[in-house]
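Single-letter residue listing:
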Amino acid sequence: MLPGSWQGVLGEELEKPYFKELTEFVGEERARGPVYPPREEVFAALDATPYEQVKVLILGQDPYHGEGQGHGLCFSVRPGVKTPPSLRNIYKELHDDLGIPVPDNGYLMPWARQGVLLLNAVLTVRAGEANSHKNKGWETFTDAVIRAVAARPDPAVFVLWGNYAKKKLRLIDTDRHAVVQGAHPSPLSAMKFFGSRPFTQINEAVAAQGHTPVDWRIANLSE
């Protein structure tokens with residue numbers, strides 16, 4: 001079920017043939033074995049960041065495929081779950097860029113609640129199999145999410161890390177919106193990611209658009 005604030009701009013997508021086929025596919029996958037995130041958290045990113053409150057959109061690829069990791073926000077894991085490598089690299093760059101201490105957890109909900117839409121291009125995955133639900137229809141739906149944010153009169157900042165994400169540039173009116181591009185923070189490309197200072201770029205763009213910059217600090221669970 002789509003969160004209310006997104007219903008008006010995305011509700012029609014749920015009635016299209018591709019989405020009905022996608023729903024059947026995911027249902028069949030869940031009948032066979034574990035699929036992440038749980039059904040009630042598939043739209044968690046949209047639920048955490050209402051449509052009219054989006055000021056930054058960070059695009060990931062697909063959910064973490066380990067048990068208990070993903071909860072519907074890209075790069076984020078539940079409290080108490082070990083911080084994955086890509087997020088560790090994001091934290092390292094955040095520390096080098098803005099001096100923010102590296103937290104003891106990977107739960108990014110505080111970002112989402114400030115208007116950072118943590119959107120994966122694919123919203124489900126088969127347990128233990130990365131990209132197992134790609135090209136089944138999710139990309140069409142999440143392209144519609146990107147277009148919906150790009151269509152608002154209020155500008156936003158789109159963060160595209162890695163070649164996969166950069167392909168979505170075609171969906172964004174760069175005359176009205178800001179785009180921050182760079183290498184993906186995964187260990188495979190982290191050396192190009194380090195030193196790119198994306199968080200400074202994002203907050204400068206957010207401020208230029210008349211919005212409050214993001215407080216990127218994540219509290220330690222022990223605090």
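Our structure is the block above this text.
Keep in mind it's a predicted model, so treat the numbers as computed, not measured.

Conventions adopted
- Residues numbered from 1 in each chain as written.
- Predicted model: local features only at pLDDT ≥ 70, side-chain atom pairs only at ≥ 80, totals over all residues.
- Heavy atoms only, no water.
- Pairing = 2+ DSSP bridges.
- Helix = DSSP H or I, 4+ residues; strand = E, 2+ residues; numbered from the N terminus.
- Axes fitted to C-alpha atoms, helices over the stretch in contact; angles between N-to-C directions.
- Contact = heavy atoms within 4.5 Å.
- Core = buried A, V, L, I, M, F, W, Y, C linked by side-chain atoms within 4.5 Å.
- Buried < 20%, exposed > 50% of the residue type's maximum accessible area, 1.4 Å probe, protein only.
- Phe/Tyr/Trp six-rings, centres within 6.5 Å; stacked < 30°, edge-to-face > 60°.
- Lys NZ or Arg CZ within 6 Å of the ring centre and 35° of its normal.

Q: Is there a simple way to explain the sheet that holds strand β3 (residues 116-120) in this structure?
A: Pairing between sheet strands relies on hydrogen bonds along the backbone, with the strands arranged either parallel or antiparallel. An order of β3-β2-β5-β6 is seen for the four strands of this open sheet, with the pairing classed as parallel. Either end of the sheet is taken by a strand with one partner, and the two such strands are β3 and β6 (178-182). Each adjacent strand pair in this sheet contributes to an overall mean axis angle of 20°, direction not counted. Relative to β6, strand β5 (residues 157-161) runs parallel, the two being bridged by five bridges. Looking at the pairing, Leu160 lines up with Gln181 of β6. Across the face of the sheet, helix α9 (residues 198-208) comes into contact with β2 (56-60), β5 and β6 while running at roughly 160° to β5.

Q: In this structure, what is going on with the nonpolar core? I would like to understand it.
A: One broad rule of soluble globular proteins: the nonpolar side chains tend to lie buried together. Ile58, Trp111, Leu117, Trp138, Phe141 and Trp216 are the most contacted members of the largest nonpolar core, which totals 68 residues. Element by element, the count of residues in this core is highest for helix α6 (residues 138-151), at eight residues. Discounting chain neighbours no more than four positions away, the residues touching Leu117 are Trp6, Ala45, Leu46, Thr49, Val54, Val56, Leu57, Ile58, Val145 and Val149.

Q: I tried to follow unusual backbone geometry on my own but got confused; where do I start?
A: Note on backbone geometry: most residues besides glycine have negative phi, and most peptide bonds are trans. Residue Pro37 is bonded to the preceding Tyr36 through a cis peptide linkage, with omega at -10°. One non-glycine residue with positive phi stands out, namely Asn135, at about 60°. Along the chain, Asn135 turns up in the loop between β4 (125-126) and α6. Relative accessible area serves as the criterion here: at 63%, Asn135 is assigned to the exposed category. Phi at Arg197 is positive, roughly 50°, even though this residue is not glycine.

Q: Is there a simple way to explain the packing of aromatic side chains in this structure?
A: Two aromatic rings are characterised by how far apart their centres lie and by the angle between their planes. What the rule picks out here adds up to 14 aromatic pairs. Ring centres 6.1 Å apart and planes at 85° place the aromatic pair Tyr18 and Phe19 in the edge-to-face group. The pair formed by Tyr18 and Phe19 is uniform in burial state, with each residue classed as buried. On the numbers, 5.5 Å between centres and 50° between planes, the contact of Phe19 with Phe141 is tilted. Placement of Phe19 in helix α2 (residues 17-32) and of Phe141 in helix α6 is noted, with a sequence separation of 122 residues between them. Judged by relative accessible area, Phe141 falls into the buried class, the value being 0%. The rings of Phe75, Trp111, Trp161, Phe193, Phe194, Phe199 and Trp216 are connected pair by pair, giving a single aromatic cluster. Directly above the aromatic system of Phe194 lies the positively charged group of Lys92, at a separation of 4.5 Å from the ring centroid. Looking at Arg152, its charged tip hangs above the ring of Tyr51, at a distance of 5.8 Å from the centre.

Q: What is the right way to read the pairing of β2 from this model?
A: Here is the key point about a regular strand: its side chains alternate between the two faces of the sheet. Most of β2 sits out of view: five of its five residues are buried. Of the two faces of β2, the one carrying Val56, Ile58 and Gly60 and the one carrying Leu57 and Leu59 are both buried. Of the strand pairs in this sheet, β2 and β3 are connected by five bridges, and their pairing is parallel. When the bridges of β3 are listed, Gly60 appears paired with Asn120. When β2 meets β5, the two strands line up parallel, connected through four bridges. Looking at the pairing, Leu57 lines up with Phe158 of β5.

Q: Explain the environment of Thr140 to me, please; I cannot follow it from the model alone.
A: With respect to the helices, strands and loops of the structure, Thr140 is situated in helix α6. Residue classification places Thr140 among the partly exposed residues on the basis of a relative accessible area of 41%. Sequence separation between Thr140 and Gly8 is 132 residues, and the spatial gap between their C-alpha atoms is 17 Å. Once residues lying within four places of it in the same chain are set aside, the contact partners of Thr140 are Glu13 and Tyr18.

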